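# Summary of structural features
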Amino acid sequence: MIAAEELRDQYDVAVVGAGPAGLAAVALCARSGLTCVLLDDQPSPGGQIYRGITNSPFPRNAVLGEDYWCGDILVHEALAGGTHYAPTATVWGLLRPDEIAVSIGGMTRQIRFGRVILATGAIERPFPIAGWTLPGVMTAGGAQILLKSSALVPEGRTVLAGCGPLLWLLAWQYLNAGVRLDAILDTAGRTNWRRVFRHAAKFAASPYLRKGLRLMLAVRRNLRVVAGIVALEAEGSERVEAVTYRTASGYSERLPVDTLFLHQGIVPNVNLAMSANVEHRWSDTQLCWVPRVDDYGSTALPHVAIAGDGAGIAGAEAAAARGRLAAIAAIRALTNRLSLDEDERDARHTLHRYERGRAFLDLLYQPAPQFRRPRSETIVCRCEEITAQQILETTALGCPGPNQMKAFLRCGMGPCQGRLCGLTVTELMAQARGLACGEIGYYRLRPPVKPITLAEIAGLPTNEAAVKAVARE
Amino acid sequence: MFRRLTEGSEPSLTIFIDGSPTPARESDTVASAMLAAGRTAFRTTAVSGAPRGPFCLMGVCFDCLVIVDGTDNRQACMTTVRKGMRIETQPGKRTLGP
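Not measured: the values here are computed from a predicted model. (Residues numbered from 1 in each chain as written. Chains lettered and ligands numbered in written order. Predicted model: local features only at pLDDT ≥ 70, side-chain atom pairs only at ≥ 80, totals over all residues.)

Looking now at the overall build of chain A. Looking only at helices and strands, one finds 17 helices and 22 strands in chain A. Computed over the C-alpha atoms, the radius of gyration of chain A is 22 Å, within 12% of the 23 Å expected from 2.2 N^0.38 for a compact globule of 473 residues. Oriented by its inertia axes, the alpha-carbon framework of chain A measures out at about 65 × 55 × 40 Å. Here chain A holds 473 residues, and 54% of them are scored as buried. Taking contacts inside chain A between residues at least 6 apart in sequence as the whole, the part at least 24 apart equals 69%. (Helix = DSSP H or I, 4+ residues; strand = E, 2+ residues; numbered from the N terminus. Rg over C-alpha atoms; globule rule 2.2 N^0.38 Å. Buried ≥ 20, exposed ≤ 12 C-beta atoms within 10 Å, placed from the backbone. Contact = placed C-beta atoms within 7 Å.)

What follows is the structure in structure tokens.
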């Protein structure tokens with residue numbers, strides 16, 4: 001661990017994010033003799049998947065499952081090699097092609113690098129249903145964070161709603177911990193099955209098949225699972241009081257709840273990469289933006305690579321492999337002396353193993369249209385409290401895209417900087433205008449990619465040009 | 001509503017939430033300590049005054065903003081507790097200091 005003032009001005013490699021991709025990348029770079037800095041916004045390493053791994057409240061192999069403890073080795077290898085590890089570090093932008101700005105405990109530093117590996121991971125896909133802003137409604141990922149880092153579990157009536165692998169993992173971990181969920185409301189579209197058959201043979205060889213089946217069987221044996229949910233709403237005034245749903249067959253029910261967890265998949269956390277002008281494209285299978293990278297995670301920018309789920313969702317094991325590939329490219333570019341062919345073969349083997357049949361999962365758990373493109377009074381932009389109706393009306397006025405929408409509604413201009421509304425706005429506008437999401441585009445993101453204080457900006461070293469820009473004489 | 005599983009260490013320090021002494025663990029964030037203490041709403045919004053609480057718990061959504069030791073707009077889920085920390089729920093938009 002290192003404080004802001006102890007950081008050097010320059011490193012061979014800067015890695016942003018201490019999840020599986022960042023940890024694996026920095027371990028390999030440091031082993032090859034490069035000077036490395038690992039910047040992460042959490043107080044301890046592991047990312048969200050291995051959150052709390054260094055100070056877990058649980059005994060090994062209990063509750064969280066054996067896969068969680070793989071993070072232990074990654075952390076150990078990453079921090080063993082003389083890397084400068086800076087926790088609670090907010091990287092708020094690339095100021096130049098080879099320089100990042102980072103704020104740690106209120107102090108800002110600029111760090112130059114030979115290569116930066118962005119391993120910013122994933123965030124949860126927005127799940128805009130009526131009432132999703134009520135206190136007591138949280139993401140399944142948030143539930144897992146409370147479990148992993150603080151051994152906090154819900155008490156009282158609890159419902160888990162949505163779709164995707166994480167939903168089943170959380171339910172399984174809660175079972176292990178003796179936590180009772182009142183129901184799982186499964187929103188996975190039943191028609192999705194028709195589209196996944198051609199990927200089934202590949203997925204049959206995926207390590208995720210056995211794991212997934214084991215989790216789902218255990219959960220289904222022990223919990224009430226309602227499948228085929230086509231409508232979902234949270235109700236309450238000061239906090240969530242009930243969840244109502246309707247199934248495809250027309251059955252509807254109102255369940256009183258104290259806590260409602262929502263989840264419909266994860267998407268790349270693209271804000272930093274987008275603000276650095278890395279080109280992104282719309283993925284029609286993952287329904288989100290993914291950066292354009294080559295087989296090593298290298299972008300069109302000579303100093304910038306992206307590894308892990310931030311370069312497209314593929315899971316923790318693939319993320320570590322992609323971290324190693326980005327590291328190999330960095331080492332080759334910066335040292336010119338190591339071949340690393342064996343490391344590359346291993347990484348590509350792992351990547352192949354875990355990416356096999358990914359399209360099966362992507363399509364099977366593709367959220368249904370009504371849960372991605374809400375209607376009427378449902379809030380889309382949580383920060384500015386903008387509804388789907390307002391977005392559709394403004395689009396009907398001739399507003400062409402999300403950036404122009406800001407001028408009308410401030411949609412996407414709150415502190416979350418579009419992370420909780422951006423995908424929804426793109427999809428709503430694309431449908432309303434009859435265009436592809438890739439044609440509608442996304443918010444134009446600029447640094448700082450997290451809100452920082454004036455003092456943190458003022459703390460940057462000044463030069464003559466900067467003084468001239470603001471001085472009166 | 002949340003409870004702590006029995007495993008792990010017991011509460012080891014005291015913080016103050018809207019003036020009430022509240023036990024917390026050293027590894028807690030302000031958000032996890034407040035949830036463990038039974039708090040669900042952490043603030044009201046600047047736009048409509050609607051109550052909000054933590055949603056993502058990973059620094060993304062900015063719905064868990066609270067006042068920490070007199071400073072507004074702190075993300076409860078990104079702030080680790082400290083002994084004697086004074087936390088207040090935040091009504092509406094932030095106010096500037098004196």
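Here the focus is the sheet that holds strand β10 (residues 158–163) of chain A. Residues and elements named next belong to chain A. A sheet is described by the order of its strands in space; here five strands give the open sequence β8-β16-β10-β11-β12, paired in parallel fashion. Both edges of this open sheet fall to β8 (137–139) and β12 (225–226), since each of them pairs with a single strand only. Pairing of β10 with strand β16 (residues 259–264), which is carried by six bridges, proceeds in the parallel orientation. Directly across from Gly 162, in β16, lies its bridge partner His 263. (Pairing = 2+ DSSP bridges.)

Strand pairing in a sheet is mediated by backbone hydrogen bonds. Such pairs are either parallel or antiparallel. Residues and elements named next belong to chain A. Reading across the sheet, the three strands line up as β13-β14-β15 and stay open at both edges, with antiparallel pairing between neighbours. In the strand order of this sheet, the two ends are held by β13 (229–235) and β15 (252–256), each with one partner. For this sheet the average axis-to-axis angle between neighbouring strands, irrespective of direction, equals 15°. In this structure, strand β14 (residues 242–247) lies alongside β15, joined through five bridges in antiparallel fashion. What sits directly across from Tyr 245, in β15, is Glu 253. (Axes fitted to C-alpha atoms, helices over the stretch in contact; angles between N-to-C directions.)

To continue, consider helix α8 (residues 316–335) of chain A. The α-helix winds at 3.6 residues per turn, so residues separated by three or four positions along the chain end up facing the same way. When the terminal C-alpha atoms of α8(A) are compared, their 28 Å separation across 20 residues agrees well with the 28 Å that a helix rising 1.5 Å per residue should span. Buried residues dominate α8(A), accounting for 16 of its 20 residues. (Expected span 1.5 Å × (residues − 1).)

Turning our attention to the nonpolar core. All names here are of chain A. Membership of the largest hydrophobic core comes to 186 residues, with the highest contact counts inside it found for Ala 14, Ala 25, Cys 29 and Ile 117. Per-element accounting of this core gives the leading share, twelve residues, to α8. Those residues in contact with Ala 25 that lie beyond four places of it in its chain are Val 15, Ile 117, Ala 119, Ala 307, Gly 323, Arg 324, Ala 326 and Ala 327. (Core = buried A, V, L, I, M, F, W, Y, C linked by C-beta atoms within 7 Å.)

The next point concerns the environment of A:Phe408. Looking at where A:Phe408 falls in the secondary structure, it is placed in helix α13 (residues 402–409). Sequence-distant contacts of A:Phe408, defined by excluding residues within four places in its chain, comprise A:Thr394 and A:Cys399.

Residue and element names in this part refer to chain A. According to the domain assignment, chain A contains domain 1 (4–123 + 267–338), domain 2 (126–264) and domain 3 (373–440). The distance between the C-alpha centroids of domain 1 and domain 3 comes to 30 Å. Tallying the contact residues gives six residues for domain 1 and five residues for domain 3. Here the side of domain 1 that touches domain 3 is built from residues that sort into four nonpolar, one polar and one charged. (Domains from an automatic or database assignment. Nonpolar A, V, L, I, M, F, W, Y, C, P; charged D, E, K, R; others polar.)

Below, the discussion takes up the pairing of β14(A). Residues and elements named next belong to chain A. Direction of pairing for β13 relative to β14: antiparallel, over a ladder of six bridges. For Ala 234, the partnering residue across the bridge sits in β14 and is Val 243. What sits between β13 and β14 in their antiparallel hairpin is a turn of six residues, with Gly 236 showing a positive phi close to 155°. Here β14 folds back onto β15 in antiparallel fashion, the turn holding four residues, of which Gly 250 has a positive phi close to 95°.

Before going further, it helps to spend a moment on the environment of A:Leu287. All names here are of chain A. Looking at where Leu 287 falls in the secondary structure, it is placed in the loop between β18 (280–283) and β19 (288–291). Given 19 C-beta atoms within a 10 Å radius, Leu 287 is considered partly exposed. A C-alpha to C-alpha distance of 35 Å links Leu 287 and Leu 340, two positions 53 residues apart in sequence.

With 33 residues of chain B at the contact, the number on the chain A side is 39 residues. Of all elements in the fold, only β1 (2–4), α1 (30–36) and β5 (51–52) of chain B reach the threshold of two or more residues within the side of chain B that touches chain A. Of the residues in the side of chain B that touches chain A, the class split is 17 nonpolar, nine polar and seven charged. Here strand β9 (residues 152–154) of chain A runs beside β1(B); their pairing, made up of three bridges, is antiparallel. Looking across to β1(B), one finds that A:Val153 is bridged to B:Arg3.

Now for the environment of B:Ala36. Along the chain, B:Ala36 falls in helix α1. Look at B:Ala36 and you get buried, because 22 C-beta atoms sit within 10 Å. Along the chain, B:Ala36 and B:Ser48 lie twelve residues apart, while their C-alpha atoms are 27 Å from each other. Residues contacting B:Ala36, with those up to four places away along its chain left out, are A:Leu152, B:Phe2 and B:Arg4.

Let us now look at α13(A). Residues and elements named next belong to chain A. Within the sequence span of α13, burial applies to Pro 402, Met 405 and Leu 409. The arc enclosing the buried residues of α13, seen along the axis, measures out at 40°, which places them on a common side. The elements touched by buried residues of α13 are β22 (386–387), α12 (388–396) and α14 (422–433). One or two residues past the end of α13 sits Arg 410, with phi positive at roughly 65°. (Arc of directions from axis to C-beta.)

What follows deals with the confidence of the model for chain B. Residue and element names in this part refer to chain B. Per-residue pLDDT for chain B has a mean of 92; in total, 92% of the residues score no lower than 70. For chain B, the element scoring lowest by mean pLDDT is β1, at 93; β5 scores highest, at 98. Scoring of the predicted complex yields 0.96 for pTM and 0.96 for ipTM. (pLDDT = per-residue confidence, 0-100.)

This part covers the packing of helix α1 (residues 20–31) of chain A against α8(A). Residues and elements named next belong to chain A. For the pair α1 and α8, the least separation of the axes is 7 Å and the interaxial angle reads 35°. Here α1 runs over α8; the crossing is right-handed. Contacts from Pro 20, Ala 21, Gly 22, Ala 24, Ala 25, Leu 28 and Cys 29 in α1 reach Ala 316, Ala 319, Ala 320, Arg 322, Gly 323, Arg 324, Ala 326, Ala 327, Ile 328, Ala 330 and Ile 331 in α8. (Left-handed = near helix turned anticlockwise from the far one by under 90°.)

The next point concerns the packing of α8(A) against helix α9 (residues 341–355) of chain A. Residues and elements named next belong to chain A. It is at 8 Å that the axes of α8 and α9 come closest, and there the two elements cross at 150°. Judged on the interaxial angle alone, α9 and α8 are roughly antiparallel. The interaxial crossing formed by α8 with α9 has left-handed handedness. Contacts between α8 and α9 involve Glu 317, Ala 318, Ala 321, Arg 322, Arg 324, Leu 325 and Ile 328 from the first element and Asp 343, Glu 344, Ala 347, Thr 350, Leu 351, Tyr 354 and Glu 355 from the second. (Parallel < 35°, antiparallel > 145°, perpendicular 65-115°, else oblique.)

Residues and elements named next belong to chain A. The element strand β1 (residues 10–16) is extensively covered by neighbouring structure, given that five of its seven residues are classed as buried. Across six bridges, β1 lies against strand β6 (residues 107–118) in parallel orientation. In the strand pairing of β6, Val 15 is matched with Ile 117. In this structure, β1 lies alongside strand β2 (residues 36–39), joined through four bridges in parallel fashion.

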